[in-house]
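Understanding the architecture of this molecule
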Amino acid sequence: MSATFKTRIEDAETEATRKRLQEKFREHLQSHIGTSTYRRRGRLYYTDGVCELAEEGEAHWLVTVLMSYVDAVLGEMQETGLERHTATLAVDNRQGTFRLYDRWLPDPEVVHGGSPKVTPYRTQAIPYTDFPLPRVKIVLGPKTSSPVVRSIQDVDGIIASLPSES
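Anyway, here's the lowdown on the structure attached to this text. Keep in mind that what you see is a predicted model, and the values were worked out from it rather than measured.

Attention shifts here to the overall build of the protein chain. What the protein chain contains, in helices and strands, is six helices and seven strands. Ordered by position in the sequence, the α and β elements of the protein chain form the string α-α-β-β-α-α-α-β-β-α-β-β-β. Buried residues in the protein chain amount to 43% of all 166 residues. A sequence separation of at least 24 residues applies to 59% of the contacts in the protein chain between residues at least 6 apart.

Another aspect to go through is the packing of aromatic side chains. Scanning the model with the defined rule gives two aromatic pairs in all. With 4.9 Å between their ring centres and 15° between their planes, Phe 5 and Phe 25 make a pair best called stacked. Of the two residues, Phe 5 sits in helix H1 (residues 5-10) while Phe 25 sits in helix H2 (residues 15-30), which places them 20 residues apart along the sequence. The exposure class assigned to Phe 5 is buried, which follows from its relative accessible area of 8%. Here the aromatic rings of Tyr 69 and Phe 98 are separated by 5.5 Å at their centres, their planes lie at 25°, and the arrangement is stacked. Of the two residues, Tyr 69 sits in the loop between helix H4 (60-68) and helix H5 (70-80) while Phe 98 sits in strand E4 (residues 95-101), which places them 29 residues apart along the sequence.

Below, the discussion takes up the nonpolar core. Counting residues in each nonpolar core, the largest one holds 38 residues, and the members touching the most others are Leu 53, Ile 138 and Leu 140. The greatest single-element share of this core, amounting to five residues, is contributed by H5. When neighbours within four sequence positions are excluded, Leu 53 is seen to be in contact with Phe 25, Leu 29, Glu 58, Leu 62, Phe 131, Val 136, Ile 138 and Leu 162.

Pairing within the open sheet is mixed, and its seven strands lie in the order E1-E2-E7-E6-E3-E4-E5. One side of each edge strand has no neighbouring strand; the edge strands of this open sheet are strand E1 (39-41) and strand E5 (122-126). Looking at each pair of strands side by side, their axes are set apart by 25° on average, direction ignored. Alignment of E1 against strand E2 (residues 44-46), held across three bridges, turns out to be antiparallel. Its bridge partner being in E2, Arg 41 is matched across the sheet by Leu 44.

On inspection of all chains with the given rule, the structure shows one cavity of 30 Å³ or more. For the largest cavity, the calculated volume is near 30 Å³. Surrounding the largest cavity, Leu 66, Tyr 69, Val 70, Val 73, Phe 98, Leu 100, Leu 140 and Ile 158 form its lining. For the lining of the largest cavity, the secondary-structure elements that each account for two or more residues are H5 and E4. The residue inventory of the lining of the largest cavity, partitioned by class, reads eight nonpolar, no polar and no charged.

Along an α-helix, residues three or four positions apart point the same way, because every turn accommodates 3.6 residues. Across the nine residues of helix H3 (residues 48-56), eight count as buried, placing the element largely inside the fold. Listed in full, the buried residues belonging to H3 are Asp 48, Gly 49, Val 50, Cys 51, Glu 52, Leu 53, Ala 54 and Glu 56.

What follows deals with the pattern of salt bridges. One pass over the structure, following the stated rule, counts nine salt bridges. In this structure, Asp 130 engages Lys 6 in a salt bridge whose closest nitrogen and oxygen atoms are separated by 3.0 Å. Of this pair, Asp 130 sits in the loop between E5 and strand E6 (135-144) while Lys 6 sits in helix H1, and the two are 124 residues apart along the sequence. Here Asp 130 falls in the partly exposed class, since its relative accessible area comes to 23%. Among the salt bridges present, the one from Glu 15 reaches Lys 19, with a minimum N-O distance of 3.5 Å. With Glu 15 and Lys 19 both in helix H2 and four residues apart, this pair spans about one turn of that helix.

Conventions and cut-offs
Once a new chain begins, its residue numbering starts again from 1 and follows that chain's sequence as written. Totals for whole chains, interfaces and linings use every residue, but because this is a predicted model, local features are given only for residues with pLDDT of at least 70 and side-chain atom pairs only at 80 or more, for both listing and counting. No hydrogens and no water enter the side-chain calculation; it runs on all heavy atoms of the structure. Comment: elements are numbered from the N terminus, with helices defined as DSSP H or I runs of at least four residues and strands as E runs of at least two. Whether a residue is buried, partly exposed or exposed follows from its accessible area with a 1.4 Å probe, protein chains only, as a fraction of its type maximum: under 20%, in between, or over 50%, in that order. The criterion used for residue contact is that any of the two residues' heavy atoms lie within 4.5 Å. Classification of ring pairs rests on two measures: the distance between centres of Phe, Tyr or Trp rings, Trp counted by its six-membered ring, which must be within 6.5 Å, and the angle between planes, read as stacked under 30 degrees, edge-to-face over 60 and tilted in between. By nonpolar core is meant a set of buried Ala, Val, Leu, Ile, Met, Phe, Trp, Tyr and Cys residues that side-chain atoms within 4.5 Å join together. When DSSP finds two or more bridges between a pair of strands, those strands are recorded as paired. Axis definition: a line fitted to C-alpha atoms, over the contacting stretch in the case of helices. Angles run 0 to 180 degrees between N-to-C directions. Two kinds of site are reported from a 1 Å grid over the protein atoms alone, namely cavities, where a 1.4 Å probe fits but cannot get out, and pockets, open sets with protein on both sides within 12 Å along at least five of seven lines, and residues are called lining when an atom falls within 4 Å of a point. Grid points are joined across faces, edges and corners, and a volume is the space filled by probe spheres set on the points. Under the grouping applied here, Gly and all other residues not named as nonpolar or charged are polar, the nonpolar ones being Ala, Val, Leu, Ile, Met, Phe, Trp, Tyr, Cys and Pro and the charged ones Asp, Glu, Lys and Arg. Just to be clear on terms, a salt bridge is a Lys or Arg side-chain nitrogen sitting within 4 Å of an Asp or Glu carboxyl oxygen.

Okay, here's the thing in structure tokens:
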């Protein structure tokens, strides 16, 4: 079995090699378009790309964090009427910040250090993480079994996907 991207990034001997491997990981994740299978944890359904992010980034804990916010996301969708939300993880010096936003944020720089400033409705500090990328974005949307959604009660859960899969 080959080493995960996380292991290869951690084992890189130079900063230049580490950054090159991080870029390859980002490109690899962006190659996911659509999904062939939805995995499920509770009311969270996630795509091939999110599964690959968890496996190659050795970050199954991130799926657990997403799962823990399903009810908050559904409540926010009901309150705002906006169906596409954004979850982000920013990592600096092995500390992470997980944030949920009530809209689709196409540019991660808008979220982390850019403008215009958008305020998250949930934030969670991650005191320690060895996640291999400085930031990642996940798109959240409603999972329905009915073609017509009249209220949040018609929603089965949340689908988490990479931006390239949305």
